[in-house]
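# Structural overview for review
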Amino acid sequence: MEDLSLLSIGLLALALLATGVVAGIIAGLLGVGGGIVIVPVLYYMFTALEIDPSVLMHVAVGTSLATILATGTSSARAHFKRGSVDMDLLKRWWWAIAIGVFAGASLAGNISGGALTLVFGIVALAVSANMMFRKDGSHLADKLPGSPLKEVLGFLIGGISVMMGIGGGTLGVPTLTLFNYPIRKAVGTAAAIGLIIAVPGTLLSIWFGWGVEGRPPFSLGYVNLVGFLLIIPASTLAAPLGAKIAHAIDPSKLKLVFALFLGFTGLRMIYGVLV
């Protein structure tokens, strides 16, 4: 992919368009979104296109974070209008999340692609296990812990999320509901957390990837502009199709299928790094 032939650019564009479609359908089917769908699909697409393995995961993460800028803004605004964003919690928590984002992005920008892939693989396995085995309504405590544990949780959510290229929902919602947080408030607040992660995360992905060799064509740092421009409209158009399919299929089975997909992806990534 080092040359800029029309064929290589065309293949890249088609692969990224397909990424948006697949991500949109899965998001519509399961009510999930952001990087937890986009990053694995980009990983497989970039692998098939023989993108340099040393930057493959960095570009997948950076591009995913950039798409969250658009999708996260829309989602957070919608939840805010419905009153489902806990602004009091955000006012007390945003700085810990932001520090975690800067720490995680700085670490991600200075470690190998293999190490970054390993991080995603391990956390993907944990998310998969949570989806498969955690019972609805189960929680660890009746409310969020006090300081400093609450700030530590925010730091970890920000740091791990930015390293994985995901928004606030994947780790934020399970964390909040684990402490008996109402699900609607958890989802809405996590959408706002996604912006706290995506804005500095995208800028730092551009910074750390500036001038790095082996990136796909038309990349700004570790953010692939073709992916950014194609994934957003494709996923937006495909999501209603996924939602339509979801009404015809048992959602619990869909959740299991996606959990298995995440588990398989996590194991494949870990195996690829360690073997």
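Residues numbered from 1 in each chain as written. Predicted model: local features only at pLDDT ≥ 70, side-chain atom pairs only at ≥ 80, totals over all residues. Heavy atoms only, no water.

## Quick word on the overall build of the chain
To be explicit about the condition: The secondary structure listing takes helices from DSSP runs of H or I that are at least 4 residues long and strands from runs of E that are at least 2 residues long, numbered from the N terminus. Each residue's exposure class comes from its accessible area (1.4 Å probe, protein chains only) as a fraction of the maximum for that residue type: buried when under 20%, exposed when over 50%, partly exposed otherwise. Note on areas: Shrake-Rupley with a 1.4 Å probe; residue coverage comes only from the protein chains shown. The convention is simple: Lys and Arg are positive, Asp and Glu are negative, and His and the chain ends are not counted. A charged residue contributes its charge at one atom only: NZ of Lys, CZ of Arg, CG of Asp or CD of Glu.
Each helix and strand counted, the chain has 10 helices and 2 strands in total. Ordered by position from the N terminus, the helices and strands of the chain form the series α-α-α-α-α-α-α-α-β-β-α-α. With the C-alpha coordinates aligned to their principal axes, the bounding extent of the chain is approximately 55 × 45 × 40 Å. Relative to its 275 residues, the chain shows a buried fraction of 49%. Taken as a whole, the chain presents about 13100 Å² of accessible surface, with 71% of it coming from carbon and sulfur. Charge-centre separation for the chain: the mean point of 16 positive side chains lies 15 Å from the mean point of 11 negative side chains.

## Concerning the packing of helix H4 (residues 87–109) against helix H6 (residues 149–164)
Here is the rule we go by: For every element, the axis is a line fit to its C-alpha atoms; helices are fit only across the contacting stretch, and the angle between N-to-C directions ranges from 0 to 180 degrees. These descriptions rest on fixed angle ranges, namely under 35 degrees for roughly parallel, over 145 for roughly antiparallel, 65 to 115 for roughly perpendicular, and the rest for oblique. Each helix crossing is assigned a hand: it is left-handed if the near helix lies turned anticlockwise from the far helix by less than a right angle, otherwise right-handed if that turn is clockwise. When residue character is reported, Ala, Val, Leu, Ile, Met, Phe, Trp, Tyr, Cys and Pro are called nonpolar, Asp, Glu, Lys and Arg charged, and the others, Gly included, polar.
Where H4 meets H6, the axes come as close as 6 Å, and the angle between the chain directions of the two elements is 40°. In terms of orientation, H4 lies oblique with respect to H6. Relative to H6, H4 is oriented so that their crossing is right-handed. Across the contact of H4 with H6, the residue classes tally to 16 nonpolar, 5 polar and 3 charged.

## A closer look at the environment of valine 173
You can see valine 173 is positioned in helix H7 (residues 169–178). Here valine 173 falls in the buried class, since its relative accessible area comes to 17%. Residues valine 173 and valine 187, spaced 14 residues apart in sequence, show a C-alpha to C-alpha distance of 5.8 Å.

## Quick word on the packing of H6 against H7
Using the following cut-off: Every residue pair with non-hydrogen atoms within 4.5 Å of one another is taken to be in contact.
Where H6 meets H7, the axes come as close as 9 Å, and the angle between the chain directions of the two elements is 155°. With respect to H7, the element H6 is oriented roughly antiparallel. Considering only the axes of H6 and H7, their crossing is right-handed. Along its contact with H6, which presents Leu153, Ile157, Ile160 and Ser161, the element H7 presents Leu171, Gly172 and Thr175. A per-class count over the contact of H6 with H7 returns 4 nonpolar, 3 polar and no charged.

## Some details on the environment of alanine 198
Along the chain, alanine 198 falls in helix H8 (residues 183–209). Given the relative accessible area of 0%, alanine 198 is considered buried. The spatial distance from the C-alpha of alanine 198 to the C-alpha of threonine 73 is 9.8 Å, given a sequence separation of 125 residues.

## A closer look at the UniProt feature "transmembrane region" (unreviewed entry) in the chain
Put simply, the rule reads: UniProt positions are given in the numbering used here, feature names are shortened, and annotations may be inferred rather than shown by experiment.
Per the UniProt record, the feature "transmembrane region" (unreviewed entry) sits at residues 12–43, 55–72, 92–108, 115–133, 153–179, 186–210, 222–242 and 254–274. The span residues 55–72 is 100% helix and 0% strand, and its two end C-alpha atoms sit 25 Å from each other. The span residues 222–242 shows a helical share of 86% and a strand share of 10%, and its end C-alpha atoms are spaced 29 Å apart.

## As for the environment of histidine 79
The residue histidine 79 is located in helix H3 (residues 53–81) in this model. Sequence separation between histidine 79 and alanine 190 is 111 residues; the distance between their C-alpha atoms is 9.8 Å. Not counting chain neighbours up to four residues away, the residues in contact with histidine 79 comprise Ser84, Val85, Val187, Gly188 and Ala191.

## Concerning helix H2 (residues 35–48)
Note the cut-off: To estimate the expected span of a helix, count its residues, drop one, and scale the result by 1.5 Å.
Between the first and last C-alpha of H2 there are 19 Å, a value that for 14 residues agrees with the 20 Å anticipated at 1.5 Å per step. A large share of H2 lies buried, amounting to 10 of its 14 residues. Note on H2: the residue one or two positions beyond its end, glutamate 50, has a positive phi of about 60°.

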